[in-house]
Amino acid sequence: MVNNNSNDEEGCCDAFIIHDDVIKSAKKGLLIEEEYNDLSEFFKIFGNPTRLKIISLLCREDLCVCDLCDALKLSQAAISNQLRILRVNNIVKFEKEGKSARYSLTDSHVEMIYKMGLEHLLE
């Protein structure tokens, strides 16, 4: 199908042509709507600077809440709130060590997502 709209915007097609075979192939990779909603919610977790700082620190070292508070110069309540969000969303986990709670990233995927986002931003 061809529709010759005169659209001089940069980055737009000069002629509107539908490529049915390409669309059919591309649509095979679409997820169901609920999966896109879940993925969108997952990426929102990375949309908070404090949570990103916590993830950044935990990429280098497992840390207790006190260490995170000191490193980020934030109250225990502020750090605990962000850690709760990260924990509920399976981004971080913790182990009790005596009176301390030592946090770590749940798995290497979290570190990869953080580092890939940073790499993309810095290129």
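In short, a report on the structure. Since we're looking at a predicted model, the values are computed, not measured.

## Some details on the pattern of salt bridges
Line of reasoning, step 1. Per the counting criterion, the structure on display carries 4 salt bridges.
Line of reasoning, step 2. Across the pair Lys-115 and Glu-111 runs a salt bridge, and its minimum N-O distance is 2.5 Å. Note that Lys-115 and Glu-111 are positioned in helix α6 (residues 108–122) at a spacing of 4 residues, about one turn of the helix.
Line of reasoning, step 3. Using a relative accessible area of 43% as the deciding quantity, one classes Lys-115 as partly exposed.
Line of reasoning, step 4. You can call Glu-111 partly exposed: its relative accessible area is 23%.

## Structural notes on the pairing of strand β4 (residues 92–97)
Remark: a regular strand shows side chains that alternate across the two faces of the sheet.
Line of reasoning, step 1. With 6 bridges connecting them, β4 and strand β5 (residues 100–105) associate as antiparallel partners. Its bridge partner lying in β5, Phe-94 is registered against Tyr-103.
Line of reasoning, step 2. What sits between β4 and β5 in their antiparallel hairpin is a turn of 2 residues, with Gly-98 showing a positive phi close to 65 degrees.

## So, the packing of aromatic side chains
Line of reasoning, step 1. Within this structure, the stated rule accounts for 3 aromatic pairs.
Line of reasoning, step 2. Both rings, one in Phe-94 and one in Tyr-103, keep their centres 5.4 Å apart while their planes meet at 35 degrees; by these two values the pair is tilted.
Line of reasoning, step 3. Residue Tyr-103 is classed as buried on the basis of its relative accessible area of 5%.
Line of reasoning, step 4. Linked through ring pairs, Phe-42, Phe-43 and Phe-46 together constitute an aromatic cluster.

Rules used throughout
- Residues numbered from 1 in each chain as written.
- Predicted model: local features only at pLDDT ≥ 70, side-chain atom pairs only at ≥ 80, totals over all residues.
- Heavy atoms only, no water.
- Salt bridge = Lys/Arg side-chain N within 4 Å of Asp/Glu carboxyl O.
- Helix = DSSP H or I, 4+ residues; strand = E, 2+ residues; numbered from the N terminus.
- Buried < 20%, exposed > 50% of the residue type's maximum accessible area, 1.4 Å probe, protein only.
- Pairing = 2+ DSSP bridges.
- Phe/Tyr/Trp six-rings, centres within 6.5 Å; stacked < 30°, edge-to-face > 60°.

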